[in-house]
Amino acid sequence: MVASTSQEVIPEDPTAYKTQEYWEERYRKESSETTFDWFKTYAELKPTLNQTIPSKESSILMLGCGNSTLGEDMYDDGYKNITNIDYSATVIQQMAERCSDRPEMKWLEMDIRDLKFDDKSFDVVIDKGTMDALMCDRGDVWDPSPELIKEVKAEVDEVTRVLKIGGKFIYITFGQPHFRKRHLARDCWDGIKVSTLGEAFHYFIYEMTKQC
């Protein structure tokens, strides 16, 4: 596999990251062997994820999977029950073909703001950088636009709906707590646990457990 490092795929306008059209065009230009991981790889996240998800039998939903290797690497580490979704039909087809030797993994074209799953379907939901793409906006980060608030609310509301009681939402981002907690806060969580990765530049892992 080849990591995507080409400057050609970086949009001139960063707000393009929040559009389906950008991702469809990008994935059509890239081969099925191309990979791109926002922030951290599974090797770096493994200690945290193994602790947060102790059961390898957990049903896991991966939001906005793209062509990241996260799902594949978790599968190879024993997490077999993984459902990957993305609203790019192209990348879903590419990933299904690339991971054809991992038969228990599921690949579905779906919008994270409109999940087609029953209530209380998953033990764990993971978002690694997908919400950040929704938040690519030219507005004031201290005063986000109503549209941005609506888009992110739709994602988090759907996450709370499809999580089982006791299930966990894990969100991996570069977004600092004073910018992210306002969007994640829900009465159903037992709180919002925040941990960090990195030294010179910190990434944040938000962990929320559904209690009701």
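Below or above, wherever it landed, is the structure these notes cover. The shown structure was predicted, so the numbers you read here are calculated from the model rather than taken from an experiment.

About the thresholds
Residues numbered from 1 in each chain as written. Predicted model: local features only at pLDDT ≥ 70, side-chain atom pairs only at ≥ 80, totals over all residues. Heavy atoms only, no water. Helix = DSSP H or I, 4+ residues; strand = E, 2+ residues; numbered from the N terminus. Rg over C-alpha atoms; globule rule 2.2 N^0.38 Å. Contact = heavy atoms within 4.5 Å. Areas by Shrake-Rupley, 256 points an atom, 1.4 Å probe, with all protein chains shown as cover. Lys, Arg positive; Asp, Glu negative; His and termini not counted. Charge placed at Lys NZ, Arg CZ, Asp CG, Glu CD. 1 Å grid on protein atoms, 1.4 Å probe; cavity = no way out; pocket = protein on both sides within 12 Å on 5 of 7 lines; lining within 4 Å. Points joined across faces, edges and corners; volume = space filled by probe spheres on them. Nonpolar A, V, L, I, M, F, W, Y, C, P; charged D, E, K, R; others polar. Buried < 20%, exposed > 50% of the residue type's maximum accessible area, 1.4 Å probe, protein only. Polar contact = N/O pair within 3.5 Å; in protein donor to acceptor, adjacent residues only side chain to side chain. Salt bridge = Lys/Arg side-chain N within 4 Å of Asp/Glu carboxyl O. Phe/Tyr/Trp six-rings, centres within 6.5 Å; stacked < 30°, edge-to-face > 60°. Lys NZ or Arg CZ within 6 Å of the ring centre and 35° of its normal.

Secondary structure summary: the protein contains seven helices and nine strands in total. The C-alpha radius of gyration of the protein comes to 16 Å, within 12% of the 17 Å expected for a compact globule of 212 residues. Taking the principal axes of its C-alpha atoms as reference, the protein extends roughly 40 × 40 × 35 Å. Nonlocal contacts in the protein, meaning residues at least 24 apart in sequence, comprise 70% of its contacts between residues at least 6 apart. When the accessible surface of the protein is summed, it comes to about 10,400 Å², and 51% of that surface belongs to carbon and sulfur atoms. Mean positive and mean negative side-chain charge positions of the protein (27 and 39 charges, respectively) differ by 4 Å.

Looking now at the layout of surface pockets. One number sums up the size of the largest pocket: a volume of about 360 Å³. If you trace the largest pocket, you find 19 residues lining it, with Met-135, Cys-136, Val-141, Phe-174 and Arg-180 closest to the centre. Top contributing element to the lining of the largest pocket by residue count: helix 7 (residues 177-184), with three residues. Here the lining of the largest pocket is composed, by residue class, of 10 nonpolar, five polar and four charged.

Here we come to the environment of Asp-127. The topology assignment puts Asp-127 in strand 6 (residues 122-128). Given the relative accessible area of 0%, Asp-127 is considered buried. C-alpha of Asp-127 to C-alpha of Tyr-206: the two residues are 79 residues apart in sequence and 9.8 Å apart in space. Residues within four places of Asp-127 in sequence aside, it is in contact with Leu-63, Glu-155, Phe-169, Ile-170, Tyr-171 and Ile-172. A polar side-chain atom of Asp-127 sits 3.2 Å from the main-chain amide nitrogen of Gly-129. Side-chain polar atoms of Asp-127 contact the backbone nitrogen of Met-131, separated by 3.0 Å.

On to the pattern of salt bridges, then. Enumeration over the complete set of coordinates arrives at 23 salt bridges. Across the salt bridge formed by Asp-157 and Lys-153, the nearest N and O atoms sit 2.6 Å from each other. With Asp-157 and Lys-153 both in helix 6 (residues 146-162), this residue pair falls four residues apart, about one helical turn. Residue classification places Asp-157 among the partly exposed positions, given a relative accessible area of 25%.

Let us now look at the packing of aromatic side chains. In the structure shown here, the tally under the stated rule is 16 aromatic pairs. Taken together, Tyr-17, Tyr-22, Trp-23, Tyr-27, Phe-36, Trp-38, Phe-39, Phe-174, Phe-201 and Tyr-203 form an aromatic cluster joined through their ring pairs. We note Arg-26 situated over the ring of Phe-36; from NZ or CZ to the ring centre the distance is 4.8 Å. The ring of Phe-174 has Arg-180 sitting right over it, with the charged end atom 5.9 Å from the ring centre.

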